[in-house]
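Given next are the chains, with one letter for each unit.
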Amino acid sequence: MTLAIGVDIGGTKVAAGVVDEDGRILAKLRRSTPAASPRRTEQAIADAVTELLGQHQVTAIGLGAAGFVDSARATMLFAPNLAWRDEPLKQRVEERLGREVVVENDANASAWAEARFGAARGYRDVMLVALGTGIGAGILIGGELYRGRWGIAGEPGHVRVVPDGRLCGCGNRGCWEQYCSGNALVAEAREFARRTPEGAIRLLQLGGGGPEGISGPVITQAATEGDPAALRCFQTIGGWLGQGLADLAAILDPACFVIGGGVSEAGDLLLDPARAAFERALTGRGYRPLAEIKVAQLGEDAGIVGAADLARVSRQMTPSPSAPTQTAFSQTASSQTTAPSSPSSGSPGPGPDGSFIRSTSMANPVTNAATAQKAAIPDTPQPAAVATTR
Ligand SMILES: [Zn+2]
């Protein structure tokens, strides 16, 4: 049984764990993130890994980081809640540890974990949508993570759903995550309590008196007790969720959506209205199978488990002098690298590709193609029990 370390790096905490091949966490620790300083954040990561390395023999180390990871999976292009701007995270942490690490976006790592060991086990076409401060998302197509050309795919939180709507942290207005996230749920409840305090008595009680005390867990508790105001908040957020999932289904047609993040702990209080809205909004409804909409199973451990497993799998696939034979995974990789010769992708070189890239992300495209983008969920039969609406 080989072990790997996964590290989940967010704006407030660094959580690291030792994970076995079945996705079980054998040891775990967490530290607060010194988010304002890239160097101190990297040191906190290295310290956590070093502590775990003192107790366990591991074959691989993976980092799942909240931000835009470049296509070489080495550099953090941008992180909304950390000070990373074009930061060579892989290199910096490897220098501190003296060992190779694999870097991945945190939502991608979570999506991978849910598909391998959690709610979407057995599915190969999966989208994870995690509702927290905003919306985090990861996409698996045919069992492989889809990262996009620049590593930034899967940001549906910033799809505009309301023209000239609520202002978003990204600078645009009307983004989906302004209507469908943990923050949106809390904003909805506080706004209701301000407007109609006599209808929000239970929410205000649980929140300690004022609207500002109303938090996500408070709303979930009130809704669990059957409080109409809290239930209405989940109806609203769930409605936005289902509508957005229908839009995503129109593009990706996944077999399974996994809903994660703190809000998902409300379970069917959120998912029932989401499923209803999804069925109302889905194009071709009645004449197509419905994607499953499931609550995430791994909770806040998903990032650790996914980062560790991706690192372990990508280490198994890395060709080494002692193991020259091709694995099933590297065959997937070579078919991927030959695929872009289709007319739509054009030829490499100057053009739209050149405008955005930093030197770090394109330093070695051959290596990128060989080392990134090749982990795939093993080919297990897709569950066939998908009901249609007819
Ligand atoms: Zn936005």
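Values in this document were obtained by computation on a predicted structure and should not be read as measured data.

A. Looking closely at unusual backbone geometry. The phi angle at arginine 73 is positive, at roughly 55 degrees, despite the residue not being glycine. For arginine 73, a relative accessible area of 7% translates into the label buried. The residue aspartate 86 is not glycine, and still its phi comes out positive at about 55 degrees. Considering the arrangement of structural elements, one finds aspartate 86 in strand E7 (residues 85-87). For aspartate 86, a relative accessible area of 27% corresponds to the partly exposed category.

B. View of the coordination of the zinc ion. In the first shell of the zinc ion, the protein supplies His158 (ND1), Cys168 (SG), Cys170 (SG) and Cys175 (SG), at 2.1 to 2.3 Å from the metal. Taken together, the 4 donor atoms coordinating the zinc ion span angles of 105 to 120 degrees at the metal, a pattern that classifies the geometry as tetrahedral.

C. A look at the packing of aromatic side chains. Evaluation of the coordinates by the stated rule reveals 3 aromatic pairs. Seen in terms of ring centroids, tyrosine 179 and tryptophan 240 are 4.8 Å apart; in terms of plane orientation they differ by 40 degrees. Their pairing is tilted. One end of the pair, tyrosine 179, is in the loop between strand E11 (144-145) and helix H4 (182-195); the other, tryptophan 240, is in helix H7 (residues 228-252), and 61 residues separate them in sequence. Owing to a relative accessible area of 25%, tryptophan 240 belongs among the partly exposed residues under this scheme.

D. Structural view of the sheet that holds strand E12 (residues 256-260). Reading across the sheet, the 5 strands line up as E11-E10-E9-E12-E13 and stay open at both edges, with mixed pairing between neighbours. Edge positions in the sheet fall to E11 and strand E13 (292-295), since each of these pairs with one other strand and no more. Bridge count between E12 and E13: 4 bridges; the pairing is parallel. Among the inter-strand pairings, isoleucine 259 is bridged to a residue of E13, identified as valine 295. Along the sheet face, H7 touches strand E9 (126-131), strand E10 (135-141), E12 and E13 and points at about 150 degrees away from the line of E9.

E. The packing of H7 against helix H8 (residues 268-281), seen in detail. Their axes nearest at 6 Å, the elements H7 and H8 cross at an angle of 45 degrees. It follows that H7 is oblique to H8 by the angle criterion. Helix-helix and strand crossings are classified by hand; for H7 and H8 the assignment is right-handed. Packed against H7, whose contacting residues are Leu231, Phe234, Gln235, Ile237, Gly238, Gly239, Leu241, Gly242, Gln243, Leu245, Ala246 and Ala249, the element H8 presents Leu269, Leu270, Leu271, Pro273, Ala274, Ala277, Phe278 and Ala281 at the interface.

F. Quick peek at the pattern of salt bridges. Taken as a whole, this structure holds 26 salt bridges when the rule is applied. As a salt-bridge pair, glutamate 100 and lysine 90 come within 3.9 Å of each other at their nearest N and O atoms. One end of the pair, glutamate 100, is in the loop between helix H2 (89-97) and strand E8 (102-105); the other, lysine 90, is in helix H2, with 10 residues separating them in the sequence.

G. A look at the side chain of arginine 288. Checked against the element boundaries, arginine 288 lands in the loop between H8 and E13. Here the side chain of arginine 288 touches aspartate 253 through a polar contact of 3.3 Å, side chain to side chain. A polar side-chain atom of arginine 288 sits 2.9 Å from the main-chain carbonyl oxygen of threonine 283.

H. Representation of the confidence of the model for the chain. For the chain, per-residue confidence averages 85 on the pLDDT scale, and 82% of positions sit at 70 or higher. Considering only residues more than four positions removed or in separate chains, one finds that residues 321-373, a stretch of pLDDT under 50, has 38 contacts. Counting interchain partners and residues more than four positions distant, the pLDDT-below-50 stretch residues 384-390 has 14 contacts.

I. Main features of helix H6 (residues 216-224). Along H6, the residues that are buried comprise Val218, Ile219, Thr220, Ala222 and Ala223. Contacts made by the buried residues of H6 are with H4, helix H5 (201-206), H7 and H8. Taken from the residues just after H6, glycine 226 is the one with a positive phi, measuring 95 degrees.

J. Local environment of the pairing of strand E4 (residues 60-65). Extensive coverage of E4 is indicated by the burial of 6 of its 6 residues. As paired elements, strand E1 (residues 4-9) and E4 share 6 bridges and run parallel to each other. Along E4, the bridge assignment pairs alanine 4 with alanine 60. Taken together, the 4 bridges between E4 and E8 define a ladder with parallel strand orientation. In the sheet register, glycine 62 faces E8, and the bridge partner there is valine 102.

K. Summary view of H4. The first and last C-alpha atoms of H4 sit 20 Å apart over 14 residues, in line with the 20 Å expected at 1.5 Å per residue. Buried residues of H4: Gly182, Ala184, Leu185, Val186, Ala189, Phe192 and Ala193, and no others. On its buried face, H4 sits against E9, H5, H6 and H7.

Here is what the cut-offs are and how they apply
Residues numbered from 1 in each chain as written. Predicted model: local features only at pLDDT ≥ 70, side-chain atom pairs only at ≥ 80, totals over all residues. Heavy atoms only, no water. Buried < 20%, exposed > 50% of the residue type's maximum accessible area, 1.4 Å probe, protein only. Helix = DSSP H or I, 4+ residues; strand = E, 2+ residues; numbered from the N terminus. Donors = N, O, S within 2.8 Å, 3.2 Å for Na, K, Ca; no water. Tetrahedral: all angles 85-135°; square planar, octahedral: opposite > 155°, others 65-115°. Phe/Tyr/Trp six-rings, centres within 6.5 Å; stacked < 30°, edge-to-face > 60°. Pairing = 2+ DSSP bridges. Contact = heavy atoms within 4.5 Å. Axes fitted to C-alpha atoms, helices over the stretch in contact; angles between N-to-C directions. Parallel < 35°, antiparallel > 145°, perpendicular 65-115°, else oblique. Left-handed = near helix turned anticlockwise from the far one by under 90°. Salt bridge = Lys/Arg side-chain N within 4 Å of Asp/Glu carboxyl O. Polar contact = N/O pair within 3.5 Å; in protein donor to acceptor, adjacent residues only side chain to side chain. pLDDT = per-residue confidence, 0-100. Expected span 1.5 Å × (residues − 1).

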